[in-house]
Amino acid sequence: MGTSLQTLRPQRRQPTTPEDTLLCGATATRFREETEDALHRATRQLQQANSPTTGPSPTGLAPRIEAVDLEAPLGSSAEVFSELEELYLRDAVYFHHPKYAAHLNCPVLIPSVAAEAFVSTLNTSMDTFDQSAGATLIEQRLVQWSAGLIGFAVSRADGIFTSGGTQSNVQAMLIARNRAVARLDGPLPHRLSQLRIYTSADAHFSIANAAMLLGLGQDAVRSIPTDARHRMDSVSLCEQIERDVAAGLVPMAISATAGTTDFGAIDPLSDLSALARRFGAWLHVDAAYGCGLLVSPRHRQRLAGIEQADSVTLDFHKSFFQPIGSSALVLREGTDFDSIRHYADYLNPRAAAAQTPNQVDKSLQTTRRFDALKLWVGLRTIGASAIGTMFDRVIELAGEAQELIGLRAELRLEAPVQLSTVVFGFNHPTEPLPQHHANTLNDAIRQRLYERGQAMVAATTVQGRRLLKLTLLNPNTTVRDLEEILDLICQAGYELLAENFAKGRP
Ligand SMILES: *Cc1c(COP(=O)(O)O)cnc(C)c1O
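What you are looking at is a predicted structure, and each value in this text was computed from that prediction instead of being measured. (Residues numbered from 1 in each chain as written. Predicted model: local features only at pLDDT ≥ 70, side-chain atom pairs only at ≥ 80, totals over all residues. Heavy atoms only, no water.)

Visitor: What is the right way to look at the site of the ligand in this model?
Guide: For the ligand, the set of nearby residues contains 15 residues, the closest of which are G165, T166, D286, D315 and K318. Interatomic distance of 2.6 Å between a side-chain N/O atom of D315 and an oxygen atom of the ligand. Within the side chain of H317, one N or O atom sits 2.8 Å away from an oxygen atom of the ligand. When isolated, the ligand has an accessible area of 380 Å², and the protein chains bury 85% of it. More than half of the atoms belonging to the ligand lie within 2 Å of the grid points that define the second largest pocket. (Near = heavy atom within 4 Å. Polar contact = N/O pair within 3.5 Å; in protein donor to acceptor, adjacent residues only side chain to side chain. Areas by Shrake-Rupley, 256 points an atom, 1.4 Å probe, with all protein chains shown as cover. 1 Å grid on protein atoms, 1.4 Å probe; cavity = no way out; pocket = protein on both sides within 12 Å on 5 of 7 lines; lining within 4 Å. Sits in = over half its atoms within 2 Å of the grid points.)

Visitor: Would you mind showing me how to read the layout of surface pockets here?
Guide: Empty space among the atoms becomes apparent when a probe as large as a water molecule is rolled across them. Of the volumes computed, that of the largest pocket is approximately 1600 Å³. Taken together, 42 residues form the lining of the largest pocket, with L39, A42, L46, V108 and V113 sitting closest to its centre. Elements represented by at least two residues in the lining of the largest pocket include exactly α2 (28-48), α4 (77-89) and α5 (110-122). The element best represented in the lining of the largest pocket is α2, accounting for 11 residues. Looking at the lining of the largest pocket, its residues break down into 27 nonpolar, 11 polar and four charged. Taken domain by domain, the lining of the largest pocket gets at least three of its residues from each of domain 1 (126-366) and domain 2 (385-502). Its boundaries defined by the atoms lining it, the second largest pocket holds a volume of some 640 Å³. Where the lining of the second largest pocket is concerned, the elements lending two or more residues are α8 (165-182), α13 (316-319), β11 (456-462) and β12 (465-471). If you tally residues by element for the lining of the second largest pocket, the top one is α8, at three residues. Grouping the amino acids of the lining of the second largest pocket by side-chain chemistry returns 10 nonpolar, 18 polar and eight charged. The residues that make up the lining of the second largest pocket include at least three from each of domain 1 (126-366) and domain 2 (385-502). (Points joined across faces, edges and corners; volume = space filled by probe spheres on them. Helix = DSSP H or I, 4+ residues; strand = E, 2+ residues; numbered from the N terminus. Nonpolar A, V, L, I, M, F, W, Y, C, P; charged D, E, K, R; others polar. Domains from an automatic or database assignment.)

Visitor: Where do I start with the domain arrangement of the protein in this structure?
Guide: As a measure of interface size, the accessible area lost when the parts come together is often cited. Per the domain assignment, the segments of the protein are domain 1 (126-366) and domain 2 (385-502). Computed over C-alpha atoms, the centres of domain 1 and domain 2 are 32 Å apart. At the interface, 24 residues of domain 1 touch 21 residues of domain 2. Roughly 2000 Å² of surface becomes buried between domain 1 and domain 2 when both sides are summed, with 60% attributable to carbon and sulfur atoms. Inspection of the domain 1/domain 2 interface yields one salt bridge. Among the ionic pairs, D262 bridges to K469, the shortest N-O distance being 2.8 Å. (Contact = heavy atoms within 4.5 Å. Buried area = accessible area lost by both parts, 1.4 Å probe. Salt bridge = Lys/Arg side-chain N within 4 Å of Asp/Glu carboxyl O.)

Visitor: Looking at this structure, how should I read helix α11 (residues 234-246)?
Guide: One turn of the α-helix equals 3.6 residues, which is why residues spaced by three or four share an orientation. Between the first and last C-alpha of α11 there are 18 Å, a value that for 13 residues agrees with the 18 Å anticipated at 1.5 Å per step. Residues of α11 that are buried: S234, S236, L237, C238, Q240, I241 and D244. Among the structural elements, β3 (195-200), β4 (221-224), β5 (250-257) and α12 (269-279) are those in contact with the buried residues of α11. G248 sits one or two residues past α11 and shows a positive phi near 85°. (Expected span 1.5 Å × (residues − 1). Buried < 20%, exposed > 50% of the residue type's maximum accessible area, 1.4 Å probe, protein only.)

Visitor: Would you explain the environment of T260 in this entry?
Guide: Along the chain, T260 turns up in the loop between β5 and α12. For T260, a relative accessible area of 1% corresponds to the buried category. Here the alpha-carbon distance between T260 and Q418, two residues 158 residues apart in the chain, equals 9.7 Å.

Visitor: For this particular structure, what's the right way to read the sheet that holds strand β2 (residues 158-162)?
Guide: Through backbone hydrogen bonds, the strands of a sheet pair up, either in parallel or in antiparallel fashion. Strand order in the open sheet formed by seven strands is β2-β8-β7-β6-β5-β3-β4, with mixed pairing between adjacent strands. Each edge of the open sheet carries a strand with a single partner, namely β2 and β4. Taken pair by pair, the neighbouring strands of this sheet meet at an average axis angle of 20°, ignoring direction. The pairing of strand β7 (residues 311-315) with strand β8 (residues 327-331) spans five bridges and is antiparallel. Among the inter-strand pairings, V312 is bridged to a residue of β8, identified as V330. (Pairing = 2+ DSSP bridges. Axes fitted to C-alpha atoms, helices over the stretch in contact; angles between N-to-C directions.)

Visitor: Is there a simple way to think about the sheet that holds strand β10 (residues 421-426) in this case?
Guide: With mixed pairing, the five strands of this open sheet are ordered in space as β1-β11-β12-β10-β9. At either end of the open sheet lies a strand with only one pairing partner, and these are β1 (100-101) and β9 (411-413). Relative to β10, β9 is paired through three bridges, and the arrangement is antiparallel. When the bridges of β10 are listed, R412 appears paired with G425. Against the sheet, helix α15 (residues 384-406) engages β9, β10 and β12, with an angle of about 15° to β10.

Okay, here's the thing in structure tokens:
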């Protein structure tokens, strides 16, 4: 019957209105077609990307983006996608490429990326149970699971997914500050001015930013010296806290790092925990990078002591191979979230609080993506130990890179490898340049690799020395890839030396 009715009707193409671009059951076919088109283009790009970058400069890209007239819509997503291929896809940076070894970006698990389809299509918001239903319970299960990995008592621990390690760290410092302020007397500005945060000189800058945001001032952060392996020196820490306490200051928090961004150093967690307890300070562990060790079959013991923390930052989008963003802040005592809880009558009224799990009670965000689903799907598909085994592999790769560097006279390792980063410098093996020229040279090597699009490595500064850094998070990178990256570095180094000597410059 249906077909005969249709054949009777004139075949008129429905005019498309702006409302037809809104996703609903009736537009589901269009949605599917456009998504497939986008996926097709993205996968084609993945297959074609034979280097991590084409090496674009900001000034090279800017005119193309500026030329777009945002007041003149193209009318179809297909045309917009074609335009995007020129504007963005072709010259994007491809983290999955085995010669991408720059920052803490990982290749991502396919099931987790596929889960984005649910996250975006359903567009669940995690603030209240009445906007999320099962999603809230899935997030809570993952938080409990993470708490168990850390070694917290699961019945007491609680946590929240965040956009990233920066947000997790800021929230941890906020909760620590609230606890410290509640224990002090006097006007609030005075109480705030007494608080000090202790973190290592190698810690992530988000701790200093947190101090600024929390009204403590960046000077409230005591940057504690590190040992030869870039771990916080607990003796210096103890001395600094004693000096501060004698001066009437209050140790608010010790922020340990489990996997520093440059050296992968893990601070002595048990020593720091003892000091935190002795001085009544909050112990935070920033495991944004090192959290992969929690599921590592071979190296879990390196995080021994993490279970003594009051709060832990985990970045699943670094060492759990998750798409950005996927991070969590986990507290040993879930009740510590009470100090940031806010009841809004229209959202999470106090009267219903006991019966309703509303994640907004623990979050700095209100509307929030269901990012936890990506981890859930990844985990349910391949399991935690497979993820940990991949992290073990990149640790092993870093050890291999270290050995290869040891075989080359022009490369000098800065410090023994601890996780999956390798920091080293290039210099002439027999007539080394003085440091300030070597600094320029190492920066120029990195830039040359980038511009040629052959490989991407990072740079960092250690005691005034500019150095190169490999950050290895791709278990598919091979020793051959590492060899080639080092070849490219040495080749660029010698070229630059020759060019500059030719110009009469050192
Ligand atoms: C990456 C990193 C952060 C910041 O995390 P984002 O997810 O980038 O916000 C914090 N701490 C450490 C040690 C990190 O490596």
